[in-house]
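Coordinates in review
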Amino acid sequence: MTGLGAVFRPQLPPERLRALAQLADDTGLDELWLWEDCFREGGVSTAAAALAWTERVRIGVGLLPVPLRNVAVTAMEAASLHRMFPGRPVLAVGHGVQDWMGQVGARAASPLTLLREHLDALRALLRGERLTTEGRYVELDDVALDWPPQGPVEILAGATGPRTLQLSGAAADGTVLTAETPPEGVRRARRLIDEGRTSAGRTDPHRVVVYLLAATGPDAADRLRAELTAEGLADVPDLGVAGDAATVAKAVEQLTEAGADTVILQPTGDEPDPEGFIRFAAQEVRPLVP
């Protein structure tokens, strides 16, 4: 069964999160995803609050930029969420937007090396291992979590470029693809992820989560076109969807046929009715997605 979710975009103030998270929970949406965009809302703090306000819906953070965090802190935060809310947090890590990383003095000379070291250490710590390592960026001396998760947890990686996609296949448990990824881009990403998995000898499941920019309502096409134009993506074929539930569900199906396991509907930044968008995703689109 295809997973379906929606994004709480950080263009909304954080005080709006409680009502939208509870609505996602009440309407049966599978997942609600949060972003840690600089310089808006913190990913871990908002995820913890959303998990505490809800009972069922999974809460994703896509993504936590690794240049901003010591991996031990990432592991402590992830383990705490998973022990308090078993099976419901979904955390993704990634390079972060390099311009933003530069603004805060955290830009890495080799983002790929940093992400690989962070992923390897993070997953080991969350497995309950005691770790000593001295890498280019990650240094740990006899570190272990007192309260590791009580079972296996998935750590996803956000990826766009070929080398990062291969790295995600080799070193992460899943991959998050941005809304700039049309169906053909999902196919290419799957191939690169599988190359990484093969090189690492991995045969375990690897979940691919794809954001889908979506708009509904009388001005849906105009809002979608305006956002794609602002992002310089207006000429990319099959990117984004505007229309009714059947139209959006068809776009979701195209992404799943291309290799997505979970599709997260991403409203436009100027979505006039965030509550209505959650209801639309859960009550109208979800029943049409097998």
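As a convention, each chain's residues are numbered from 1 in the sequence order in which they are written. The predicted origin of the model limits local features to residues at a pLDDT of at least 70 and limits the giving and counting of side-chain atom pairs to 80 or more, whereas totals for whole chains, interfaces and linings rest on all residues. Excluded from the side-chain calculation are hydrogens and water; included are all heavy atoms of the structure.

**Some details on the overall build of the chain**
Secondary structure elements are defined from DSSP: runs of H or I of at least 4 residues count as helices, runs of E of at least 2 residues count as strands, and each element is numbered from the N terminus. Tallying secondary structure elements over the chain gives ten helices and eleven strands in all. Each radius of gyration is computed over the set of C-alpha atoms, and the globule rule expresses the reference value as 2.2 Å times the number of residues to the power 0.38. Here the C-alpha atoms of the chain give a radius of gyration of 18 Å, agreeing with the 19 Å that 2.2 N^0.38 yields for 290 residues. Overall, the chain is about 60 × 40 × 40 Å in size when its C-alpha atoms are taken along their principal axes. Here the chain, with 290 residues, has 54% of them falling under the buried criterion. Partitioning the contacts of the chain with sequence separation of at least 6, the portion at a separation of at least 24 is 74%. Surface exposure here means Shrake-Rupley accessible area, sampled with a 1.4 Å probe, where a residue is shielded only by the protein chains that are shown. Here the chain has roughly 12800 Å² of accessible surface; of this, 50% comes from carbon and sulfur atoms. Working convention for charge: Lys and Arg count positive, Asp and Glu count negative, and His plus the chain ends are omitted. By convention, the point assigned to a charge is CZ for Arg, NZ for Lys, CD for Glu and CG for Asp. Of the charged side chains in the chain, 28 are positive and 41 negative, and the gap between their average positions amounts to 3 Å. Only protein chains enter the calculation, and the probe is 1.4 Å; a residue is then buried if its accessible area is under 20% of its type maximum, exposed if over 50%, and partly exposed in between. What makes two residues a contact is simply this: any of their non-hydrogen atoms within 4.5 Å.

**Let's talk about unusual backbone geometry**
Of note, the amide linkage connecting cysteine 38 to phenylalanine 39 takes the cis form, showing an omega dihedral of 0°. Along the polypeptide, phenylalanine 39 turns up in the loop between strand 2 (31–34) and helix 2 (43–53). A cis geometry characterises the amide bond from glycine 62 onward to leucine 63, with omega recorded as 15°. Topologically, leucine 63 is positioned in strand 3 (residues 58–65).

**As for the environment of tyrosine 211**
Locating tyrosine 211 in the fold gives a position in strand 9 (residues 207–215). Looking at tyrosine 211, the relative accessible area reads 5%, which means it is buried. Distance from tyrosine 211 to proline 267, taken between C-alpha atoms, is 9.8 Å for residues 56 residues apart in sequence. Those residues within four positions of tyrosine 211 in sequence are excluded, and the remaining contacts are Val7, Trp33, Trp35, Gly62, Val176, Leu177, Thr178, Ala179, Ile264 and Gln266. Here a polar contact means two N or O atoms within 3.5 Å. Within protein one must be a hydrogen donor candidate and the other an acceptor candidate, and residues neighboring in sequence count only if both atoms are side-chain atoms. Looking at tyrosine 211, its side chain comes within polar contact range of the side chain of tryptophan 35, at 3.2 Å.

**Quick look at helix 2**
Regarding helix 2, the residues found buried are Gly43, Val44, Thr46, Ala47, Ala50 and Leu51. End-on view of helix 2: buried residues confined to an arc of 165°, all on one side of the axis. Among the exposed residues of helix 2, those oriented more than 90 degrees off its buried face are Ser45 and Ala52. Those residues of helix 2 hidden inside the fold are in contact with helix 1 (17–27), strand 2, strand 3, helix 3 (71–84) and strand 4 (89–94). Picture the helix axis, draw a direction to every C-beta atom, and the arc is the one those directions span.

**Notes on the pairing of strand 3**
In terms of residue burial, strand 3 counts as a mostly covered element, since six of its eight residues are buried. At least two bridges found by DSSP between two strands are what make those strands a pair. Direction of pairing for strand 2 relative to strand 3: parallel, over a ladder of four bridges. Its bridge partner lying in strand 3, leucine 34 is registered against valine 61. Following the chain from strand 2 across helix 2 to the adjacent parallel strand 3, one finds a crossover that is right-handed. Relative to strand 4, strand 3 runs parallel, the two sharing six bridges. Bridge pairing in strand 4 links isoleucine 59 to proline 89. Every crossover in which the path from the first strand over the helix to the second runs clockwise, viewed with the strands pointing away from the viewer, is termed right-handed. Each parallel crossover has a hand, and for strand 3 linked through helix 3 to strand 4 it is right-handed.

**Let's talk about the environment of arginine 223**
Inspection of the secondary structure puts arginine 223 in helix 8 (residues 220–230). What makes arginine 223 buried here is its relative accessible area of 6%. Each C-alpha atom, one on arginine 223 and one on threonine 268, is 6.9 Å from the other, the two residues being 45 residues apart in sequence. If sequence neighbours within four positions are ignored, arginine 223 has contacts with Ala215, Thr216, Thr268, Asp270, Glu271 and Pro272. One polar contact links arginine 223 to threonine 268, side chain to side chain, over a distance of 2.7 Å.

**Topic: the packing of aromatic side chains**
Stacked, edge-to-face and tilted are the three classes for Phe, Tyr and Trp ring pairs, Trp counted by its six-membered ring, which pair at centre distances within 6.5 Å; planes under 30 degrees apart are stacked, over 60 edge-to-face, the rest tilted. In the structure shown here, the tally under the stated rule is three aromatic pairs. Seen from their ring centres, tryptophan 33 and tyrosine 211 are 6.2 Å apart, and the 85° between their planes marks the pair as edge-to-face. Residue tryptophan 33 is found in strand 2, and its partner tyrosine 211 is found in strand 9; the two are separated by 178 residues along the sequence. Each of the two residues, tryptophan 33 as well as tyrosine 211, counts as buried. Their ring planes at 70° and their centres at 5.8 Å tell us that tryptophan 35 and tyrosine 211 sit as a pair that is edge-to-face. Residue tryptophan 35 is found in the loop between strand 2 and helix 2, and its partner tyrosine 211 is found in strand 9; the two are separated by 176 residues along the sequence.

**Some thoughts on the pairing of strand 1 (residues 3–8)**
Counting buried positions along strand 1 yields six of six residues, so the element is predominantly enclosed. In terms of handedness, the path from strand 1 via helix 1 over to strand 2 forms a crossover that is right-handed.

**Side note on the nonpolar core**
Grouping buried Ala, Val, Leu, Ile, Met, Phe, Trp, Tyr and Cys residues that are joined through side-chain atoms within 4.5 Å yields what is termed a nonpolar core. Counting residues in hydrophobic clusters, the biggest one holds 77 residues, and the most contacted among them are Leu32, Leu265 and Val285. No other element matches helix 5 (residues 111–126), which puts eight residues into this core. The residues contacting leucine 32, other than those within four sequence positions of it, are Ala6, Val7, Phe8, Leu17, Ala21, Ala24, Val57, Arg58, Ile59, Gly60 and Ile278. Membership of the second largest hydrophobic core comes to 18 residues, among which are Trp33, Trp35, Val209 and Leu213.

**Points about the side chain of glutamate 227**
Position of glutamate 227 relative to the elements: it lies in helix 8. Excluding residues that lie within four positions of it along the chain, glutamate 227 makes contacts with Arg9, Leu213, Gln266, Thr268 and Gly269.

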